[in-house]
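Chain by chain, the residues:
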Protein chains: 2
Amino acid sequence: MIDGLEVLPVRGIGDVTAGDDLAALITANAPWLRDGDVLVVTSKIVSKAEGRLVEVPADGPERELARERALASETRRVVARRGPTAIVQTHHGFVMAAAGIDASNVDKTHLVLLPADPDASARALRTALAARGLHVGVVISDTMGRAWRNGLTDVALGAAGIEPFRDHRGEIDPYGNELQLTQMAVIDELAAAGELVKGKCDQVPVAVVRGYPGAGTTETSGAVVLLRDAASDMFSLGTAEAHTAGLVSAATLPDTQPAAPGASTAAIARALATVADVITCAVSSSLTCTPVDLTPSGLMRLGADVHRLRSALAAEGLTSTVTWSDTSAQITVS
Amino acid sequence: MIDGLEVLPVRGIGDVTAGDDLAALITANAPWLRDGDVLVVTSKIVSKAEGRLVEVPADGPERELARERALASETRRVVARRGPTAIVQTHHGFVMAAAGIDASNVDKTHLVLLPADPDASARALRTALAARGLHVGVVISDTMGRAWRNGLTDVALGAAGIEPFRDHRGEIDPYGNELQLTQMAVIDELAAAGELVKGKCDQVPVAVVRGYPGAGTTETSGAVVLLRDAASDMFSLGTAEAHTAGLVSAATLPDTQPAAPGASTAAIARALATVADVITCAVSSSLTCTPVDLTPSGLMRLGADVHRLRSALAAEGLTSTVTWSDTSAQITVS
């Protein structure tokens, strides 16, 4: 049970440059900080203090090239691209536009990169504050877009001294139902709450959330646990990119595929229905596609239609192997 | 500039049933509400008050069937599916697991659907509170997952009397840079802040955010502006689903495609490289693929390889038309 929270801006921090002591700057401008507070620190001042800047020309095509170089070096993989917008996964694992590289709130000859290790930055700041006798939680935040919803929100890049999740799994609600799947990303919600008092051009890079239970008392796993790996993400690629990958799969589908058991009669029937306009094959233990038109062009056309059918089988998750003979194409589905 | 916010729980609301007067329940339990407060109201109590419940058996396979029926009727389209998890777009336009249908915090013989029109619900509650002399903003919230990040957060389903966005576009930062693309989804951040004091089983279905400027004073567009339509969403389909759609495109690629100008020599070269292992075609104004092996099986195999090449061209965004003759397959790319 929480009695209520306060969300307070820290003003007066001003310009931050490489080597600045954030713990000193924050405590000097917020002498009212208390044990148990959560500091929500905009990643930009962390990056600046850590010197995570790239020098770029102030304008012209050279600037654009330098920006592209920085993006490439911060990118692990491209997730989606549309026009000038690139959504990428960074080396940290964050999925965000332009790898989080930012040209705002910095002079025109620099770009700001994300902190190299935001959890380590959060731990270092927490330790430095603890050395001053102040025991707080630290969330390092940044502004991100998301799928399906317009507008941006602040989320956590790094954290220390605050549990990333509040886990309700196994709790029993007042109606006797056991809660499932309810793991709240608390540090993202704290980042969002902090953003509400920050603004963008007001130079309020730190907000304090006061009253959140348990903050500052324990070492925690950091924000890294919020990163979903691509393999378990249902949206690891943009829709257009995944569609293209499907076409490439069809283009590179070899005549022989390793067996992957699990072919259902229903799935084979759906694949046959997909291409029923162009080809009919006899179904028994394998599919036999027999040419009707025996001219060279008729035989080539049948070959293309057989590949259409194998693409349709692949779309049903089925692997297949084709054997070409002079009287038919034989497709073994597995 | 914001001086700071308070986030306060409203306790004592208890069980809500169809026909309950939420304005009366909230004001009775939070007599301390003031003009300008933002009420963050869990959608579940709105649904219950509006009778948006479906009766279901308490257990057994019949319950599962009833749940699937409810899901189907709340679904506009399936976005992604993996095992038992279905991410769908609801008729409102929200993309969420199981269409937001929930079996928690309700007795075992009912499922709770989302409010039919959460913006209308927010407006109605705001109007009912105004009739009691209380001028507030209202956000109707729900818990959602998201792409790329583990854990859930609360976001806004509906809103009234509070601007959904805080728009920084055009503002000049202290370094003289004009901000771009920075439209903050404030009502989602307010929903997240509210969640921090709510819990899941504590029956705190309403939080109050106090101190956020401008709340309660103006009529606004509602949360509907946060919905990104599928056409402009780079993640309108799950990765596996879009990959499958690409394979289906290859399976249904007709011999003749309408011209879509824009074929670049580089794109054609990339497509040819994709299939270089299996086929080589002469490039001039069109691609000429000539059979070497003139046996029936050789001709069929060439036909399949031509379709591989056309799939590779499609993966480059190129449309193509194939003309089969007895001496070659001719591919016109547009």
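Residues numbered from 1 in each chain as written. Chains lettered and ligands numbered in written order. Predicted model: local features only at pLDDT ≥ 70, side-chain atom pairs only at ≥ 80, totals over all residues. Heavy atoms only, no water.

1. So, the interface of chain A and chain B
Each partner contributes residues to the interface: chain A has 121 residues there, and chain B has 121 residues. Contact between chain A and chain B buries roughly 10,300 Å² in total, counting both sides, with carbon and sulfur atoms accounting for 60%. Between chain A and chain B we count 12 salt bridges in total. Here arginine 308 of chain B ties to aspartate 255 of chain A by a salt bridge, and the two come within 2.8 Å at their closest N and O atoms. (Contact = heavy atoms within 4.5 Å. Buried area = accessible area lost by both parts, 1.4 Å probe. Salt bridge = Lys/Arg side-chain N within 4 Å of Asp/Glu carboxyl O.)

2. As for the packing of aromatic side chains
All names here are of chain A. Taken as a whole and assessed by the stated rule, the structure comprises 2 aromatic pairs over all chains. Note on tryptophan 148 and phenylalanine 235: the rings are 4.8 Å apart at their centroids and 75° apart in plane angle, and the pair reads as edge-to-face. You can see tryptophan 148 sitting in the loop between strand 8 (137-144) and strand 9 (153-160) and its partner phenylalanine 235 sitting in the loop between strand 12 (206-210) and helix 6 (239-251), a full 87 residues away along the chain. Taking relative accessible area as the criterion, phenylalanine 235 reaches 3% and is therefore assigned buried. (Phe/Tyr/Trp six-rings, centres within 6.5 Å; stacked < 30°, edge-to-face > 60°. Helix = DSSP H or I, 4+ residues; strand = E, 2+ residues; numbered from the N terminus. Buried < 20%, exposed > 50% of the residue type's maximum accessible area, 1.4 Å probe, protein only.)

3. What about the confidence of the model for chain A?
Caution applies to low-pLDDT regions: their predicted coordinates should not be interpreted in detail. Per-chain confidence: chain A averages 94 in pLDDT, with 99% of residues scoring 70 or above. Reported confidence for the predicted complex is 0.93 by ipTM and 0.93 by pTM. (pLDDT = per-residue confidence, 0-100.)

4. What about helix 8 (residues 296-315) of chain B?
All names here are of chain B. With 20 residues, helix 8 extends 29 Å between its outermost C-alpha atoms, agreeing within 8% with the 28 Å of an ideal straight helix rising 1.5 Å per residue. Burial analysis of helix 8 places 18 of its 20 residues in the buried class, which makes it a mostly covered element. The first or second residue beyond helix 8 is glycine 317, which carries a positive phi of 80°. (Expected span 1.5 Å × (residues − 1).)

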